[in-house]
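Overview (structure and organization)
One-letter residues, chain by chain:
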Amino acid sequence: MLQTDAISWQIAPGRPALAVLEGIGEGDDAAWLTERQPELRRALLEHGALCLRGLPIREVEGFARIRDVLIPQDTPYREKATPRNDFGQGVYSSTELPAAQSIEMHNENSYTLTFPGLLLFACLVAPEEGGATPIADCRAVLQAIPERLRATMRETGWRLTRSYSDHLSTDWRTAFGTDDRAGVEAYCADSLIGYQWQHDGNLRTGQVRPGIITHPETGDEVWFNHLAFWNAWALDEEIRETLIDEFGPEGLPFDTAFGNGARLTAGDLADIRAAYASATLRAPWQPGDLLLVDNIRCAHGRDPFRGDRRIVVAMGQPVALADCSPTVEPAAVVA
């Protein structure tokens, strides 16, 4: 029988808010979610992330149907940085990095001037072991960050430097969705990104973004960035040393610093990781699980895993950085 009463949320330590649904078939899911949108929105503002279990999600098409209800306004995937499969209809695979590798906590597209306010994940195939999509309350992360790092971020923001490559990382054509250099230059100018073409035809870019912003609906300040994810210290030690020996410190695919150019130490990265860990929730995936995430309120990542894992994702409800009371104005920097 189709569930008609109020959604019952299970709140357990270390786990995201979970609702186990019953009696919802393929012909009912979109209509049921449409009716529950106000209730789901209230719960999302309260909890930051919601897991719905029991929906009949088995393939990309079914996920796209549900996505159209929950986040009808998509957010283009700009400045692509990590490998994904594009299934069409605004549906992507989760980041395709090696299964043994964890993905650091981050807020999706925190380096762009307009980013998704909502993320939607669904599990088509659950891995044999591991592979959770952990989330962290960025209000709590901000409070757990050591004051010396928090103050520097508030005053200077964070700096992202990217070196695009045909072999080592994402090439600029894929990242910007064009093979027209003039089009890339125009995008960078409009998006406050410094750029420099290299002698081999590749591209290097630099940008400063605020790492602390305010949620436009709740008024909460949050830690919102990729500072830890793309920092050189986050690389495996052997890989980092090999890349620096081969390409120099300026040739890394990604690197981050504070907005004033101050470098992080390995200890700084450990402190930031500890702040995320203190605020992290996770739950093993089950086939058909749907995870709705407020991308400003919560960071997300990926645990290592074994076995096949098929998680699809959609991004929507675009939010302009200018509407989030950034502590630092975004700026282009010399790459």
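The text that follows walks through the structure, step by step, so that each part is easy to find. Keep in mind that what you see is a predicted model, and the values were worked out from it rather than measured. (Residues numbered from 1 in each chain as written. Predicted model: local features only at pLDDT ≥ 70, side-chain atom pairs only at ≥ 80, totals over all residues. Heavy atoms only, no water.)

**Considerations on the overall build of the protein chain**
Quick note on the threshold: Secondary structure elements are defined from DSSP: runs of H or I of at least 4 residues count as helices, runs of E of at least 2 residues count as strands, and each element is numbered from the N terminus. Note that the radius of gyration is over C-alpha atoms, with the globule rule given as 2.2 Å times the number of residues to the power 0.38. Only protein chains enter the calculation, and the probe is 1.4 Å; a residue is then buried if its accessible area is under 20% of its type maximum, exposed if over 50%, and partly exposed in between. Should any heavy atoms of two residues lie within 4.5 Å, those residues are considered in contact. To measure how exposed things are, a 1.4 Å probe is used in the Shrake-Rupley method; for residues, cover is taken only from the protein chains shown. Charged residues are defined here as Lys and Arg on the positive side and Asp and Glu on the negative side; His and the ends of the chain fall outside this count. Charged side chains are reduced to one point each, which is NZ for Lys, CZ for Arg, CG for Asp and CD for Glu.
Counting its secondary structure elements, the protein chain contains 9 helices and 20 strands. Here the protein chain has a C-alpha radius of gyration of 20 Å; the compact-globule value for 335 residues is 20 Å, and the two agree. Dimensions of the protein chain, computed from C-alpha atoms along their principal axes, come out at roughly 65 × 40 × 35 Å. In the protein chain, buried positions account for 54% of the 335 residues. Restricting the contact set of the protein chain to residue pairs at least 6 apart, pairs at least 24 apart contribute 80%. On the protein chain, roughly 14,500 Å² of surface is accessible, and the fraction owed to carbon and sulfur atoms is 49%. Where the 30 positive side-chain charges of the protein chain centre and where its 48 negative ones centre are 2 Å apart.

**A word on the sheet that holds strand β8 (residues 135-137)**
For clarity, the cut-off: By definition, two strands form a pair when at least two bridges between them are found by DSSP.
On the basis of which strands lie adjacent, the open sheet formed by 4 strands has the order β5-β17-β8-β15 and antiparallel pairing. For this open sheet the edge positions go to β5 (103-106) and β15 (280-281), each flanked by a neighbour on one side alone. In terms of strand pairing, β5 meets strand β17 (residues 298-302) through 2 bridges, oriented antiparallel. In the strand pairing of β17, H106 is matched with H300.

**Notes on the packing of aromatic side chains**
We apply this condition: Pairing of aromatic rings covers Phe, Tyr and Trp, the last counted by its six-membered ring, and requires centre-to-centre distances within 6.5 Å; plane angles under 30 degrees mean stacked, over 60 mean edge-to-face, and any other angle means tilted. A ring is considered to have a charge above it if a Lys NZ or an Arg CZ atom is located within 6 Å of its centre and within 35 degrees of its normal.
All chains considered together, the criterion is met by 7 aromatic pairs. Relative to F224, the ring of F115 has its centre 4.7 Å away and its plane inclined at 45°; by these criteria the two rings are tilted. Taken as a pair, F115 in strand β6 (residues 114-125) and F224 in the loop between β13 (221-223) and α8 (237-247) lie far apart in primary sequence, 109 residues in all. Across the pair, exposure class does not vary: F115 and F224 are buried alike. Above the face of the W197 ring, R181 is positioned so that its terminal group lies 4.3 Å from the ring centre. Positioned above the aromatic ring of F305 is the side chain of R309, whose terminal nitrogen or guanidinium carbon lies 5.5 Å from the ring centre.

**What about the nonpolar core?**
Filter applied, for reference: Nonpolar core, defined: a set of buried Ala, Val, Leu, Ile, Met, Phe, Trp, Tyr and Cys residues in which side-chain atoms within 4.5 Å join the residues together.
W223, I272 and Y276 are the most contacted members of the largest nonpolar core, which totals 36 residues. It is helix α9 (residues 266-278) that provides the largest number of residues to this core, a total of 4 residues. Beyond its immediate stretch of four places on either side in the chain, Y276 contacts M105, A136, V141, W223, N225, A228 and A299. In terms of nonpolar packing, the next biggest core, distinct from the first, is built from 32 residues, I7, L52, I71 and L120 among them.

**With respect to the side chain of T156**
Stated formally: Polar contacts here mean pairs of N or O atoms no more than 3.5 Å apart (in protein, one a potential hydrogen donor and the other a potential acceptor; neighbouring residues in sequence count only if both atoms are side-chain atoms).
Looking at the secondary structure, you find T156 in helix α5 (residues 147-156). You can call T156 buried: its relative accessible area is 17%. A polar contact of 3.3 Å, which involves the side chain of T156, links it to the backbone nitrogen of G259.

**Examining the sheet that holds strand β3 (residues 86-88)**
Formally: Inter-axis angles, ranging from 0 to 180 degrees, are taken between N-to-C directions of lines fitted to C-alpha atoms, where helices are fitted over the stretch in contact.
Reading across the sheet, the 7 strands line up as β1-β2-β16-β6-β19-β4-β3 and stay open at both edges, with mixed pairing between neighbours. Two strands close off the open sheet at either side, each with one partner strand: β1 (17-20) and β3. On average, each strand axis in the sheet is tilted by 25° relative to the strand beside it, whichever way the strands run. Pairing geometry for strand β2 (residues 49-53) and strand β16 (residues 290-294), over 4 bridges, is antiparallel. Looking at the pairing, L52 lines up with L290 of β16. Across the sheet, helix α2 (residues 37-47) is in contact with β1, β2, β6, β16 and β19 (310-320); its angle to β2 comes to roughly 130°. Taken strand by strand, helix α3 (residues 60-70) contacts β3, β4 (91-93), β6, β16 and β19, and its axis lies near 145° from that of β6.

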